[in-house]
Amino acid sequence: MTQDEMKKAAGWAALDYVTPDTIVGVGTGSTVNHFIDALGSVKDQIKGAVSSSEASTTRLEQLGIRIFDLNEVSELAVYVDGADEIDGSMAMIKGGGAALTREKIVAAVADRFICIVDGTKTVDILGSFPLPVEVIPMARAYVARELTRLGGKPVYREGVVTDNGNHILDVHGLQITEPRALEARINAIVGVVTNGLFAERGADVLLIGTPEGVIRKP
């Protein structure tokens, strides 16, 4: 089974957590694209979706799924999204696709966060994948200096502008043993919009696509 086939298996398995006649929170990325395709197969059974990125919105609309603005929605039963890394405590690094801020906002509204990944994304300690930090453009150099003081090696993701009009710093060289504490510390730096640690609001359910099938945790 290829990595993409494992992603597809996890994406389609997430349909089990979609309740009919509800609005579904939808994340961003290659694994989520498979979930969006799966959601298209039940589009007549749901009210629509709240999307975390312009790319996902386009894909959802192409399938005829109605898009809701989050400001129109008071609650979401589920939010389905992938992760660049996820540890045993269900804390994640996200933001490889530069949609971390909107992803974090939609996740905050949802009752349950369903994380869908292939088996390569599970780790014991977060940090092998560089930690994305979304920053206000004028603060980029200042934030980079502050991140260096925390022991990281920030690298400007050149040529990338987020859907919010901001920049991304990817922080290399971290071993994140206390993800909640580091998430709060980085978010407290002036000029940071948010960072890609999803620890304070981690996943509730993890679906892992493997060659042997989909593993569900817990």
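Going by the structure above, here's the rest.
Participant: Outline empty space enclosed by the protein, supporting the account with residue identities and numerical values.
Facilitator: For the structure shown, the criterion picks out one cavity of 30 Å³ or more. Of the volumes computed, that of the largest cavity is approximately 40 Å³. As for the largest cavity, its lining consists of Leu147, Leu150, Gly152, Val171, Leu174, Leu182 and Ile186. Taken together, the residues that form the lining of the largest cavity break down as six nonpolar, one polar and no charged.

Participant: A description of helix H5 (residues 140–149) should follow, citing residues and the corresponding values.
Facilitator: Where H5 is concerned, the buried positions are Val143, Ala144, Glu146 and Leu147. Projected down its long axis, H5 carries its buried residues within an arc of 165°, all on one side. Check the buried side of H5 and you find it contacts strand E7 (131–135), strand E8 (153–156), strand E9 (167–172), helix H6 (179–187) and strand E10 (192–195). Looking one or two places after H5, you find glycine 151, whose phi comes out positive at around 100°.

Participant: Talk me through the sheet that holds strand E11 (residues 197–198); I want residue IDs and the actual numbers.
Facilitator: Picture the strands of a sheet paired through backbone hydrogen bonds; they go either parallel or antiparallel. Strands sit in the order E4-E5-E11 across an open sheet of three strands; the sheet is antiparallel. The strands lining the two open edges of the sheet, one partner per strand, are strand E4 (85–86) and E11. Here strand E5 (residues 92–93) pairs with E11 via two bridges, running antiparallel. In the sheet register, isoleucine 93 faces E11, and the bridge partner there is leucine 197.

Participant: Account for the pattern of salt bridges, with residues named and values stated.
Facilitator: Across all of its chains, the model carries 10 salt bridges by this definition. Note that aspartate 81 is salt-bridged to lysine 94, the shortest N-O span being 2.8 Å. Taken together, the residues span a long stretch of sequence, with aspartate 81 in strand E3 (residues 76–81) and lysine 94 in the loop between E5 and helix H4 (100–109) at a distance of 13 residues. Side by side, aspartate 81 and lysine 94 carry an identical accessibility label, which is buried. Between lysine 121 and aspartate 118 there is a salt bridge, with its nearest N and O atoms 2.9 Å apart. Taken as a pair, lysine 121 and aspartate 118 share a single burial class, namely buried. Salt bridges sharing common partners tie together Asp81, Lys94 and Glu103.

Participant: Let's hear about the packing of helix H2 (residues 30–40) against helix H3 (residues 54–62): which residues, and what values?
Facilitator: Running from N to C, H2 and H3 cross one another at 25°; their axes reach a closest spacing of 10 Å. If you check the angle between H2 and H3, you find them roughly parallel. For the pair H2 and H3, the crossing hand works out as right-handed. Only Ser56, Arg59 and Leu60 of H3 make contact with H2, whose side of the interface consists of Asn33, Ile36, Asp37 and Leu39. Of the residues assigned to the contact of H2 with H3, the class counts are three nonpolar, two polar and two charged.

Participant: Outline unusual backbone geometry, listing residues and values.
Facilitator: Cis geometry marks the peptide bond from lysine 217 to proline 218, where omega comes out at -5°. Along the chain, proline 218 falls in the segment after strand E13 (213–217). Its identity is not glycine, yet methionine 90 carries a phi of approximately 75°, on the positive side. When its relative accessible area of 13% is taken as the criterion, methionine 90 is described as buried.

Participant: Got a sec to walk through the environment of valine 18? Specific residues and values, please.
Facilitator: Positionally, valine 18 belongs in the loop between helix H1 (3–13) and strand E1 (23–26). Its relative accessible area of 14% is what places valine 18 among the buried residues. Placed 60 residues apart in sequence, valine 18 and valine 78 show a C-alpha to C-alpha distance of 7.0 Å. Those residues within four positions of valine 18 in sequence are excluded, and the remaining contacts are Val24, Phe35, Leu39 and Ile46.

Participant: Tell me about the packing of aromatic side chains, residues and numbers included.
Facilitator: Under the criterion given, the structure shown has one aromatic pair. Taking 5.1 Å as the distance between ring centres and 75° as the angle between the ring planes, the aromatic pair formed by tyrosine 79 and phenylalanine 113 counts as edge-to-face. On the criterion of sequence distance, the pair formed by tyrosine 79 in strand E3 and phenylalanine 113 in strand E6 (residues 110–118) is long-range, its members being 34 residues apart. Residue phenylalanine 113 is classed as buried on the basis of its relative accessible area, which comes to 0%. A cation over an aromatic ring shows up here: lysine 94 above the ring of phenylalanine 198, its NZ or CZ 5.4 Å from the ring centre. When the ring centre of tyrosine 156 is taken as origin, the NZ or CZ atom of arginine 140, which lies over that ring, is 3.9 Å away.

Quick notes on the rules
Residues numbered from 1 in each chain as written. Predicted model: local features only at pLDDT ≥ 70, side-chain atom pairs only at ≥ 80, totals over all residues. Heavy atoms only, no water. 1 Å grid on protein atoms, 1.4 Å probe; cavity = no way out; pocket = protein on both sides within 12 Å on 5 of 7 lines; lining within 4 Å. Points joined across faces, edges and corners; volume = space filled by probe spheres on them. Nonpolar A, V, L, I, M, F, W, Y, C, P; charged D, E, K, R; others polar. Buried < 20%, exposed > 50% of the residue type's maximum accessible area, 1.4 Å probe, protein only. Helix = DSSP H or I, 4+ residues; strand = E, 2+ residues; numbered from the N terminus. Arc of directions from axis to C-beta. Contact = heavy atoms within 4.5 Å. Pairing = 2+ DSSP bridges. Salt bridge = Lys/Arg side-chain N within 4 Å of Asp/Glu carboxyl O. Axes fitted to C-alpha atoms, helices over the stretch in contact; angles between N-to-C directions. Parallel < 35°, antiparallel > 145°, perpendicular 65-115°, else oblique. Left-handed = near helix turned anticlockwise from the far one by under 90°. Phe/Tyr/Trp six-rings, centres within 6.5 Å; stacked < 30°, edge-to-face > 60°. Lys NZ or Arg CZ within 6 Å of the ring centre and 35° of its normal.

So yeah, pure geometry; function would need other evidence.
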